[in-house]
Every structure is written in structure tokens, then in C-alpha cells.
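Chain and residue survey
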Amino acid sequence: MSDNLAMTIDGHAVHAAATIDVRNPATGEVFAQAPDATAADLDAAVAAATRAFPAWRDTPIADRKACLVKAADIIDAHADELAALFVREQGRPLPGAKAEIRGAAMWLKATTMLDIPVDVTEDSDTRRVEVHHVPLGVVCGIVPWNFPVLLASWKIGPALMAGNTLVLKPSPFTPLCTLRIGELIRDVFPAGVFNIICGGDALGPLMTAHPGFAKISFTGSTATGRRVMESAAKDLKRITLELGGNDAAIVLPDVDVDAVAAQLFEGAFHNTAQVCVATKRLYIHADIYDQLRDRLHQLAKELPVGDGAEQGNRYGPVQNEPQYRRVRALLDDARAKGLTLLEGGPVPDVGYFVPLTLVDNPPEDSRVVVEEAFGPVLPLLKFDNVDDVIMRANDSEYGLAGAVWSADIAAATAIAHRLDTGTVWINQNLQSTPFTPLAGAKQSGFGQENGVPGLLEFTRPKAIFIPKAG
Ligand code: NAD
């Protein structure tokens, strides 16, 4: 079944003439083929979405919401099948795979609880001035491989609910679940409203340059985000960019080390540390540094890493070969610089596995601290002064999220206000909700997703001046 999945264009299954290989990262082996769309396939998808736009825009929002709820129910009902496919293409162990599928269905439904406001800026004796938020047209959605289904739902829900039509592209590393979802919900929407296109490295740039798109909603790396922005500049397409991060977590000396260690560990290593908002620099107060470092190292040695399809594994492989090479290169650099690496337990010697690794108090300017590893390598950094640690945490081109851990909520909140990021968690991590905007500061993003502000990014304001009789 996973070998012959088609794209969804104009409500139909479309197979491309050529295909791309899809590998299981736990083995490195090709196990499926996915369509490699041509420029003509893209043109067909954009043309279909363009044709479908006027009628979808004019469809009552309650009906658009009903379609999304139906789509969510279908995805949820196929969670077991989709999760098994997810494990093979993405690598994450089954419970986490299933949580993502069900989470995406939940997210689609939750989005339908939002409403698009009409702002009234004047209501005087002579006139009423209303600001409506109207759809943009055809939206291009581009998604990465780390949360391929959830992050797709963050685009599908608000783009379609706001009255746009959509052409969605999964990552070439994780196309299968998205293509299968296309098959499952193809008939829920009128033809052309929701299209899925799939291809290799050439397809993304073709999409961002395509004159038929009114907006690009992109999630991926900061380097690619810059290219997307440059491409969109040519015809001033609207853009939302959710990009990379190098999130700092700050642990104050009053925490209960044994109580927080497991949460801190998961906040860094969830999904094999391939989370945009994972903790990527862990600043620990000197008074508890050794104790917490040793506890975290113990967890790294204990928690099982292996094929996500085998029961009991907590963490899977790095998702793809280029990313595996990047993480390995970062570790080689750390070793060459003489940094102390605290390695976790054994990992399989096939596929793209990297041992869960802590780096013991490396210099602040080492690559492993400055760069987004996006793999299971976590630098632990010692501090003894709050002003100093805030300065170090903020000294990054990124500003996605951060966390503060302390028994003193007021002290932690005061630090949270001083972090230059779009989100800060206190005594928790990796939290996001359909009602709360995720908005990267600095080079972590441009615009926002989720909540009413995220929904409005799929619209444009339109002011109407209405005179009053009299
Ligand atoms: P990536 O930038 O390599 O690819 C993302 C998507 O863009 C893929 O679908 C890819 O095919 C496509 N693409 C590649 N080059 C393109 C181009 N020139 N024009 C248009 N599209 C192009 O990112 P990735 O490696 O798939 O994902 C990992 C990165 O994503 C990390 O940096 C991570 O922090 C970030 N991320 C951010 C968020 C967020 O919400 N801020 C969420 C998840 C991941």
C-alpha cells in the first residue's frame, strides 16, 4: 500500500512519471517510492486550486469547518494504520507516532473552534467602519520531516477554514503519511480545495517561485527560510516562516534535581532531539551542576534507543542521512576540540542511529553550543549568576522558545520576561496549543502559527466604510 501512494490534485489521485526513494531511517533501506512531481504537475495543482478558490471562499465558514471536522475524524479513525506507516518513514517509536497522528486530528478540530473576527473601528451617527479578514487565494504549504503530520495540520486547518485553497508539499524524507491522508480525505473537500504534491529537492523552489500562489506558509530550517523569503520577494507573496531554534533552558539551584531530571531530559531528547522547540542548550546552576549532569547521564545510559517498530524503544534514529552526517560532524568537531562527551547506552549499528550524548560544560563559543544540532547532542553549561546566564541565553541568532526551572515561580517568571524568544515555559517544556501563537523571534521565524493571530495570517484585512442613512 505505501509503495503506490498518489498525489492529490483536483480531487483525483495523480501518479508522477518519476519517483523518489523513501528510506526507513532505522535500517537505511529504501522501502517505498513516492511521486516526483514535475513542473507540469505543480501547474495542474495550482490551476485546480485557483479554479476552486471562488466557490470555497464563498462557502459559509460553518460548512468549511464541517469539512475539517470530517477530515479530522477520518484521520483519527485511521490512526493505527497511519502510525505504523509513520514509524517506518520517520523513525519515531510507535506510541509517539500515534500521538502525532491523533494530535494532528485534534488540532484540525480545535482550529474549527476559532473564529475570524470582524473588527469595528468606528460606529458613529454617520457611518460604520468594519474590518473584515478575507482569504488570500491559493496557499503554498511546505512542511519538514520532524513532525510531518502535525505540522501539516497546522497549515491545512487555518488555510482552508479561512477560505483559501491549498497546495501542500511534504518533505521528500517523509512523504507517505501525508500522501495517504490525501487519499483518505480526498472526497471531503470540493475538488481542487486541498491538493498534495510531492517531489525531490527541486520542487520547493519551484513552488515558492510560482506566480499562482498568494501566500507561502513554510516550516523548516532558517537557511531555507531565507531562500523562501528571497523567492517570495519577487512578487511580494505573503509569507509565514517557522524556522530553527537553539533554545536555552535555565535551571536555578532551588529545583528538586531528582524530580526534574527526567522532564529536562525529555525536553531535550524527545523525537531524538529533532524538535524545533527542544532544549538545545541546558544552563545549570553551579550548585547543582554535578548532581544534575550525573542524573541526566544515567538517563542517557538507561533509556533504550532503537528501531521504532520494536516495542520498548524510547527514542528512534536520526531521521535521514544528511541530518545524521551533520550530527556526526558536530560530535567529531567536539571530540577534536577535546570536549568531554558523556555518551548514552548502545545503539544499533545499522540505519542512522546516534547515541544520546551530553557535552560536559563546553566553551560558550563551541559549535555544539552555537549551532542547532537537531539531533541527540545536548551541551550542559554551568552558570552562577542570573544576569550572566540571561545574557548567554539571549546571545543567539535564534529566538524560538526557552524554559526556566525553579521552585520560585515569581523568580522564574521574572527571568522568562527577559528571554528574547517567542515562547517561554516555566517548569515545563515542549508545550503548544491550537489557541496560542507560536512565533519565533529573531531568525527563528517571521509571523506566527496557531491561535487567532496564526489564523489571520491566512487572510488580509479589508476595510469597508458603510454610511448611515440620515
Ligand atoms: P528544510 O528547511 O531542509 O526543509 C523543510 C521543507 O522545505 C522540506 O519540505 C523541503 O523539501 C523544503 N525545501 C528545501 N529547500 C527548499 C527551497 N529552497 N525552497 C522551498 N522549499 C524548500 O528543513 P528540515 O531539515 O526538513 O527541518 C528541520 C528544520 O526545521 C530545523 O531547523 C527545525 O528547527 C525547523 N523546524 C521549525 C519548526 C517551527 O515551528 N519553528 C518546526 C519544525 C521544524
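Residues numbered from 1 in each chain as written. Predicted model: local features only at pLDDT ≥ 70, side-chain atom pairs only at ≥ 80, totals over all residues. Heavy atoms only, no water.

**Some words on helix H3 (residues 79-90)**
The set of residues buried in H3 consists of Ala 79, Leu 82, Ala 83, Leu 85, Phe 86, Val 87, Glu 89 and Gln 90. Lining the buried residues of H3 we find strand S3 (18-24), strand S4 (29-36), helix H2 (61-77), helix H4 (94-111) and helix H6 (176-185). Trailing H3 by a residue or two, Gly 91 shows a phi angle of about 105 degrees, which is positive. (Buried < 20%, exposed > 50% of the residue type's maximum accessible area, 1.4 Å probe, protein only. Helix = DSSP H or I, 4+ residues; strand = E, 2+ residues; numbered from the N terminus. Contact = heavy atoms within 4.5 Å.)

**Observations concerning the sheet that holds strand S22 (residues 459-467)**
Here three strands make up an open sheet; going across it, the order is S5-S6-S22 and the pairing antiparallel. Strand pairing shows two members of the sheet lacking a second neighbour, strand S5 (119-123) and S22, which therefore form its edges. With direction set aside, neighbouring strand axes in the sheet form an average angle of 20 degrees. (Pairing = 2+ DSSP bridges. Axes fitted to C-alpha atoms, helices over the stretch in contact; angles between N-to-C directions.)

**So, the packing of H2 against H6**
Orientation of H2 relative to H6, taken along the N-to-C sense of each, is 120 degrees, at an axis distance of 10 Å. It follows that H2 is oblique to H6 by the angle criterion. Classified by chirality, the crossing of H6 by H2 is right-handed. Two secondary-structure elements touch here, H2 through Ala 71, Ile 74 and Ile 75 and H6 through Ile 181, Leu 184 and Ile 185. (Parallel < 35°, antiparallel > 145°, perpendicular 65-115°, else oblique. Left-handed = near helix turned anticlockwise from the far one by under 90°.)

**Concerning unusual backbone geometry**
The backbone of Asn 427 sits at a positive phi, close to 55 degrees, despite the residue not being glycine. Among the structural elements, Asn 427 can be located in the loop between strand S19 (423-426) and strand S20 (441-442). A positive phi angle, near 45 degrees, is found at Lys 442, a position not held by glycine. With respect to the helices, strands and loops of the structure, Lys 442 is situated in strand S20.

**Observations concerning the domain arrangement of the protein chain**
In terms of domain boundaries, the protein chain breaks down into domain 1 (7-243 + 444-466) and domain 2 (248-433). Distance from the C-alpha centre of domain 1 to the C-alpha centre of domain 2: 30 Å. Taken together, both faces of the contact between domain 1 and domain 2 bury some 2,000 Å²; the carbon and sulfur share is 58%. Connecting domain 1 to domain 2 are one salt bridge. Of the charged contacts in the structure, one is a salt bridge between Glu 397 and Arg 226, with a shortest N-O distance of 4.0 Å. The interface formed by domain 1 and domain 2 holds nine residue pairs in polar contact (both at pLDDT 80 or more) in total. (Domains from an automatic or database assignment. Buried area = accessible area lost by both parts, 1.4 Å probe. Salt bridge = Lys/Arg side-chain N within 4 Å of Asp/Glu carboxyl O. Polar contact = N/O pair within 3.5 Å; in protein donor to acceptor, adjacent residues only side chain to side chain.)

**Comments concerning the pairing of strand S18 (residues 401-405)**
Burial of S18 is extensive: five of the five residues sit out of reach of the surface. Burial of the side chains of S18 extends over both faces: Ala 401, Ala 403 and Trp 405 are buried on one face and Gly 402 and Val 404 on the other. When strand S12 (residues 247-251) meets S18, the two strands line up parallel, connected through four bridges. Paired with Val 251 across the strands is Trp 405, a residue of S18. Relative to S19, S18 runs parallel, the two being bridged by four bridges. When the sheet's bridge partners are listed, Ala 403 is paired in S19 with Trp 425. Handedness of the crossover is the feature at issue here: the chain leaves S18, passes through helix H14 (residues 409-418), returns alongside S19, and the resulting connection is right-handed. (Right-handed = clockwise from strand over helix to strand, strands pointing away.)

**Considerations on the site of the ligand**
Taken together, 29 residues sit near the ligand, with Val 143, Lys 169, Thr 224, Leu 243 and Glu 372 positioned nearest. In the model, a nitrogen atom of the ligand is placed 2.8 Å from a nitrogen or oxygen of the Leu 243 main chain. With respect to the ligand, the side chain of Glu 372 contributes an N or O atom lying 2.6 Å from an oxygen atom. Burial of the ligand by the surrounding chains reaches 89%, relative to a free accessible area of 850 Å². When each cavity is represented as a set of grid points, the ligand is found to reside in the largest pocket. For the shell around the ligand, the elements supplying multiple residues, two or more each, are helix H7 (203-209), strand S10 (215-219) and helix H8 (222-233). Taken together, the residues that form the shell around the ligand break down as 15 nonpolar, 10 polar and four charged. (Near = heavy atom within 4 Å. Areas by Shrake-Rupley, 256 points an atom, 1.4 Å probe, with all protein chains shown as cover. 1 Å grid on protein atoms, 1.4 Å probe; cavity = no way out; pocket = protein on both sides within 12 Å on 5 of 7 lines; lining within 4 Å. Sits in = over half its atoms within 2 Å of the grid points. Nonpolar A, V, L, I, M, F, W, Y, C, P; charged D, E, K, R; others polar.)

**A look at the sheet that holds strand S13 (residues 279-285)**
By definition, the strands of a sheet pair up through backbone hydrogen bonds, in either a parallel or an antiparallel sense. Taken in spatial order, the seven strands make up an open sheet running S14-S15-S16-S13-S12-S18-S19, and their pairing is mixed. What marks the edges here is a single partner per strand, and that holds for strand S14 (341-343) and S19. On average, adjacent strands in this sheet sit at an angle of 20 degrees to one another, irrespective of strand direction. Summarising the sheet, S12 and S13 pair through five bridges and their orientation is parallel. By the bridge assignment, Ala 249 is partnered in S13 with Leu 282. In the packing of helix H11 (residues 321-336) onto the sheet, the strands contacted are S14, strand S15 (357-360) and strand S16 (377-383), and the crossing angle to S14 comes to about 130 degrees. Against the sheet, H14 engages S12, S18 and S19, with an angle of about 165 degrees to S19.

**Structural notes on helix H13 (residues 386-394)**
Turning to H13, its buried residues are Val 389, Ile 390, Arg 392, Ala 393 and Asn 394. Capping of H13 at its N-terminal end is provided by Asn 385; its side-chain oxygen lies 2.9 Å from the backbone amide nitrogen of Asp 387.

**Concerning the side chain of Arg 92**
Within the secondary structure layout, Arg 92 lies in the loop between H3 and H4. With relative accessibility at 6%, the residue Arg 92 sits in the buried group. Within the structure, the side chain of Arg 92 is placed 3.0 Å from the backbone oxygen of Asn 146, a separation counted as a polar contact. In this structure, Arg 92 is in contact with Phe 86, Val 87, Ala 97, Glu 100, Asn 146, Phe 147, Asn 271 and Gly 308, ignoring residues within four places of it in sequence.

**Quick word on the UniProt feature "domain: Aldehyde dehydrogenase" (unreviewed entry) in the protein chain**
If you check UniProt for "domain: Aldehyde dehydrogenase" (unreviewed entry), the listed places come out as residues 18-464 in our numbering. Measuring from the first to the last C-alpha atom of residues 18-464 gives 49 Å, for a span that is 41% helix and 22% strand. (UniProt positions renumbered as here; feature names shortened; annotations may be inferred.)

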